[in-house]
Amino acid sequence: MWALHDTFLLPTVRRHNPIFWVFLMLFHISFLLLITGHLELIGDFRIFQIAQHEVFLGKGFVGLILSISLLFFLFRRFVSPNRDLSVPEDYYLLILLFLTVFFGSQMDWARRWYDYGNLPIVEYREYLSSLLYLKPHLSSDLTSSGHSFMLVLHVFFANLFLMFFPFSQVMHSFLSLPMNKLRRG
Amino acid sequence: MDQKTRDDLLKLFQDKLNEAMKFYLETCTRCGVCTEACHVYASMGQIKYIAAYRHEIVRRIYKKYFKRRGKIWPSVGEARELSEMALEELYEAVYSCTGCRRCMVYCPFGIDTQMIMSIAKLLLIGAHTEPEILTLLTDTSVEKGKSLELFKKGFLTGIKNLEKEVVKKWKIEAGETAIPVDVDGADLLYVALAGAVPAAAIFNAAGENWTLSFFEAVNFGAFVGDPTKTKLILDRIVDEAKRLKVKEVCICECGTAFRVMKQLSGKQPFEVSSITEVHARYLREGRIKVDKSKFREPITYHDPCQIARNGGIIDEPRYILNCLSDDFREMSPEPKYNWCCGGGGGLVALGEDNLDFRMKSAKVKADQAQETGAKILTTACENCHTQLIDLNSHYEMGVEVKFLSSMVADALMQ
Ligand code: HEM
Ligand code: SF4
Ligand code: SF4
């Protein structure tokens, strides 16, 4: 039980670096929302669709929060002593994520600012499932919907991130719980 | 460094890589929360003394040789070759770390620096660049165990001399042995350091059926980080305890010995306790009584890392101190976050060589103790005791450094 508490509320960070803690919590919670949002795109699996929701949970704020916290994390690493602790991997990750998230949320803003109408969710789904079956297929509706360059970049960076993920320190997401168990004995 | 040496060293590295160790090496996000945790960094402010930086030195080698990404794209994780220079860095990192694990309470993932440093210690031994004195002490200690018969005699004569002292100071009744040795079926086996005088007085006063161990508690094998020798030194005490069929093994004021005994001995037919626990028990049960008027000055207590944070003995010393005095002053921050004295991990055993470093790196400790305004600084670990005495003279703290057990012995009411 305490291990769960340590893992999800990060009491040690809160005690020693409260500002950092605020951003961390914001970031991770938003990230969770974001994953939930993206599940909409894999609509074929019914279990994910128990609660109806849009792709853009939180009307773009999630993306905004993520971008800001990522920038905060990034700039934090430019300042000594964190600067001396960081290795290039840490920067790449943050930049990559920032770009992904940034273009992702831009899509939403662009949609509202320029009134593109609804996102063609159905087509996204088609694209993703076609990827899954190793037959990439882009419907022309997608490419012509006005903010396609953002979409392309978003997907591109997201794929890079997913490729990098298992080899990077973000593996902490899976290891954190067992580790905190270890500490609590 | 030639290929053969490197391969041998990597083999040692490999042996250390159990599941927990891999997690520790993989998970760090270099978030820097542990920056403020280390007393060495807090006192001296150099980047190389941040806990995560110490890990990175080990981690670079890990990435280079045990991860594919370190082979394909080394610069992304700053993977580094295992070279003479790397060994020097390892030495710097590990022999400036006391293994106090204060950083572990800071880290959101609970990464254990001491454990990561144990890789470094083993590599240094493998390359024969560990501090010679520690190996020397370890080997002497191991030898002593081998030729037990030879050294038994000298030991017993030594005990006779100590006995006289006990008898003189704490008049015990005639016919009683002041320091029993090798008693079959005793309840409690006491593992001491050099002297056993105050402890003996207390055991006798409490009417304990005890016996003194032939061996000293301190485990130099653990200091130098040699698992085989650590085990050797540990096992002979375990064997002795089994042979005498004792119910409890009580470790004297030595943090390392206590932790090694408690956490590495595995499941045994006896309990392991620290002398502080035993004294607190005697007091609680009324088996001994102490005179509160003996110490009139304000007292503060330094929690030895291996006994408090890493061994869980926190309430007992406070109970004892409240029996001894009305003016016990807690240090701040609280025990879990207590600053290390700066002498652990074998650093004190290195003696004069690193006196300068030990003094500089423990400035925060000296400040912390002084803030309480106490005149008596007590502790329950030989290592801490030595280091605190050095600190006392270096920073002119003007306190008296005492063992908690000696204070109990001094205040004992007949
Ligand atoms: C469940 C327990 C988790 C804990 C305790 C945790 C803790 C942390 C901490 C302490 C940081 C700060 C590191 C830094 O500033 O670099 C961090 C950053 C980060 N976390 Fe988590 N996290 C968890 C789960 C996750 C999950 C599920 C993800 C999603 C994939 C994730 C993604 C990230 C990312 C991308 C960063 C920024 C990486 C960076 O700063 O380089 N985390 N996390
Ligand atoms: S174990 Fe102690 S000495 Fe070593 S890095 Fe951590 S805080 Fe510093
Ligand atoms: S607090 Fe833990 S995760 Fe953060 S840098 Fe230190 S060791 Fe790494």
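We now turn to the structure provided with this report. (Residues numbered from 1 in each chain as written. Chains lettered and ligands numbered in written order. Predicted model: local features only at pLDDT ≥ 70, side-chain atom pairs only at ≥ 80, totals over all residues. Heavy atoms only, no water.)

Description of helix α16 (residues 315–324) of chain B
What counts here: Between buried and exposed lies partly exposed: a residue is buried under 20% and exposed over 50% of the maximum accessible area for its type, with that area taken using a 1.4 Å probe on protein chains only. The numbering of helices and of strands both runs from the N terminus, where a helix is a DSSP run of H or I of at least 4 residues and a strand a run of E of at least 2. Contacts are assigned to residue pairs that have any heavy atoms within 4.5 Å of one another.
Restricting attention to buried positions, one finds in α16(B) the residues B:Glu316, B:Pro317, B:Arg318, B:Ile320, B:Leu321 and B:Leu324. Those residues of α16(B) that are buried are in contact with α15 (275–284), β5 (299–302), β6 (328–329), β7 (376–379) and α20 (404–410) of chain B.

Concerning the site of ligand 2
Residue and element names in this part refer to chain B. As a reminder, the rule being used: Any residue with a non-hydrogen atom lying within 4 Å of a molecule or strand is treated as near it. Each residue gets one of three labels, nonpolar for Ala, Val, Leu, Ile, Met, Phe, Trp, Tyr, Cys and Pro, charged for Asp, Glu, Lys and Arg, and polar for the others, Gly among them.
In the vicinity of ligand 2, the residues found are Cys-38, His-39, Ala-51, Arg-54, Cys-97, Thr-98, Gly-99, Cys-100, Arg-101, Arg-102, Cys-103 and Thr-113. Listed by contribution, the elements that provide at least two residues to the shell around ligand 2 are α4 (51–66) and α7 (102–106). Considered class by class, the residues forming the shell around ligand 2 number 5 nonpolar, 4 polar and 3 charged.

What about the packing of aromatic side chains?
Put simply, the rule reads: Classification of ring pairs rests on two measures: the distance between centres of Phe, Tyr or Trp rings, Trp counted by its six-membered ring, which must be within 6.5 Å, and the angle between planes, read as stacked under 30 degrees, edge-to-face over 60 and tilted in between. Put simply, a charge is over a ring when the Lys NZ or the Arg CZ is close to the ring centre, within 6 Å, and near the line of the ring normal, within 35 degrees.
The final tally for this structure, using the stated rule, is 11 aromatic pairs over all chains. Measuring from ring centre to ring centre gives 6.4 Å for B:Tyr190 and B:Trp210, while their planes differ by 70°; the resulting arrangement is edge-to-face. With B:Tyr190 in strand β1 (residues 188–192) and B:Trp210 in strand β2 (residues 210–216), this residue pair connects regions lying 20 residues apart in the sequence. Comparing B:Tyr190 with B:Trp210 shows no difference in burial state: the two are buried. Note on B:Phe203 and B:Trp210: the rings are 4.8 Å apart at their centroids and 35° apart in plane angle, and the pair reads as tilted. Overall, B:Phe203 belongs to the buried group, its relative accessible area being 0%. The exposure class of B:Trp210 is buried, given its relative accessible area of 2%. Through successive ring pairs, a cluster of aromatic residues spans A:Phe20, A:Phe27, A:Phe31 and A:Phe73. A cation sits over an aromatic face here: B:Arg102 above B:Trp339, 3.6 Å from the ring centre.

Points about the sheet that holds β7(B)
All names here are of chain B. Defined as follows: Between any two strands, pairing holds if DSSP finds at least two bridges. Each axis is a line fitted through C-alpha atoms, and for a helix only the stretch in contact is used; angles between axes span 0 to 180 degrees, taken between their N-to-C directions.
Read across the open sheet, the 4 strands follow the order β6-β5-β7-β8; overall the sheet is parallel. Each end of this open sheet is capped by a strand with a single partner; those strands are β6 and β8 (400–403). As paired strands, β5 and β7 are joined by 4 bridges and run parallel to one another. Each residue of the ladder has a partner; that of Tyr-301, found in β7, is Thr-378. Seen against the sheet, α16 touches β5, β6 and β7 and runs at an angle of roughly 165° to β5.

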